[in-house]
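Commentary on secondary and tertiary structure
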Amino acid sequence: MVLYFSATGNTEFLAKELSKRLGDSSLNLINRIKEQDFSPVASDKPFVICAPVYICEMPRFLSAYLKKLPLTGSDKVYFIMSSAGYSGISSYLAKKLAKRKGLRYMGCSEVVMPRNYFIGHYPMQSGEEIKQRLLNAYEQVGSIADNIAKGKMLRSRHVYMFEKAITLPFNPVWSKLKLKAKDFAATDKCVTCGRCVQVCPLNNISIKDGRPVWSDNCTHCMACIGNCPAEAINYGNAGASKAKYNFSKYKHFLNEKNTDIHTPDPKIYKRRKNG
């Protein structure tokens with residue numbers, strides 16, 4: 001069973017590719033997270049948890065959800081981290097999570113994917129760099145799937161003590177002080193489709209007077225910006241001047257390379273029961 005959360009398609013691509021190559025099922029956790037659904041997930045095959053990396057670790061909301069989610073059947077768990085180039089202490093925390101849940105930790109692989117985060121000094125990457133990262137990721141997924149199928153451990157990057165010393169106290173402070181939603185806004189291009197409401201994992205967006213409105217509980221996952229069909233959402237001045245990223249914009253490139261990749265379903269995010 002491949003479990004995943006994906007904001008703009010990178011991690012979904014990895015999860016779907018792994019499930020296809022392993023002949024396994026996959027489960028998008030977005031609606032479970034939004035609805036705080038902790039009904040057990042059972043699998044006879046090892047669990048494979050695919051997650052992005054935010055501020056050098058797995059998203060804190062995802063980690064908190066997984067800690068409470070009962071996983072039954074197999075006692076083995078693999079972790080795949082999608083990062084823009086540095087996975088930080090994510091493998092160290094993944095191992096702790098596995099131990100806490102009484103599961104056998106089978107290692108963690110980092111896959112470098114295109115960056116979807118552009119707030120602050122982070123630049124968006126060129127089209128050629130994005131394509132090269134996707135090609136490299138596709139090849140790496142094959143190796144990862146082969147190791148999982150053979151029951152081998154995945155090799156994790158060594159996490160140094162100084163990384164833990166910096167990240168563990170820094171992350172919660174940064175998350176509280178810097179991950180603000182006050183600068184998100186929709187332009188006149190907004191068509192009030194409600195897509196941003198559907199894809200926000202923290203239920204932080206609502207529609208008022210025909211426009212999305214952001215509350216205070218934000219994780220800067222970029223799901224609202226990256227999935228807006230009208231490209232109507234910006235973050236301060238940065239959003240207007242930088243391109244928005246979504247994997248779906250580049251999936252045709254891999255198809256052209258005859259990779260037979262999974263095509264994300266645009267309806268993966270169901271509407272909430274209350275409307």
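Small disclaimer: the values here were computed from a predicted structure and weren't measured. (Residues numbered from 1 in each chain as written. Predicted model: local features only at pLDDT ≥ 70, side-chain atom pairs only at ≥ 80, totals over all residues. Heavy atoms only, no water.)

1. Brief notes about the side chain of Q125
Under the convention used in this document: We count a stretch as a helix when DSSP gives it H or I for four or more residues in a row; a strand needs E for two or more, and each element gets its number in order from the N terminus. When a residue's accessible area, from a 1.4 Å probe over protein chains only, is under 20% of the maximum for its type it is buried; when over 50% it is exposed; and in between it is partly exposed. The definition of a polar contact used here is a pair of N or O atoms within 3.5 Å, where within protein one atom must be able to donate a hydrogen and the other to accept one, and adjacent residues in sequence count solely through side-chain atom pairs.
Tracing the backbone shows Q125 in the loop between β7 (104-112) and α5 (127-149). On the accessibility criterion, Q125 (13% relative accessible area) is buried. Within the structure, Q125 has its side chain in polar contact with the backbone nitrogen of R115 (distance 3.0 Å).

2. Quick word on a nonpolar patch on the surface
Threshold: Each patch is assembled from residues with relative accessible area greater than 30% and no salt bridge, linking like charges that lie within 9 Å and nonpolar side chains (Val, Leu, Ile, Met, Phe, Trp, Tyr) that lie within 5 Å. Note on areas: Shrake-Rupley with a 1.4 Å probe; residue coverage comes only from the protein chains shown. Salt bridge, as used here, is a side-chain nitrogen of Lys or Arg placed within 4 Å of a carboxyl oxygen of Asp or Glu.
Where nonpolar side chains cluster on the molecular surface, the patch consists of Y160, F162, I166, F170 and W174 and spans about 540 Å² of accessible area. For W174, the position within the fold is in helix α6 (residues 161-178). Residue W174 is classed as partly exposed on the basis of its relative accessible area of 34%.

3. Thoughts on the environment of V197
Heads up, the rule is: Residue contacts follow a heavy-atom distance rule, with two residues in contact if any of their heavy atoms lie within 4.5 Å.
As for its placement among the helices and strands, V197 is situated in helix α7 (residues 195-199). Not counting chain neighbours up to four residues away, the residues in contact with V197 comprise K34, I205, S206 and I207.

4. Re the side chain of T167
The topology assignment puts T167 in helix α6. Not counting residues within four places of it along the chain, the set of residues in contact with T167 comprises I55, C56, E57, I89 and P172.

5. Here we look at the pairing of strand β6 (residues 76-83)
The line we're drawing: Two strands are said to pair when DSSP picks up at least two bridges between them. The path from the first strand over the helix to the second decides the hand: if it runs clockwise while the strands point away from the viewer, the crossover is right-handed.
The buried count for β6 comes to seven of eight residues, which makes it a mostly enclosed element. Where strand β4 (residues 47-52) and β6 come together, six bridges link them in parallel fashion. Residue pairing for β6: V48 is matched across the bridge by Y78. Here β6 pairs with β7 via seven bridges, running parallel. Bridge pairing links F79 to C108 in β7. Crossover β6 to β7 through helix α4 (residues 90-100) is right-handed.

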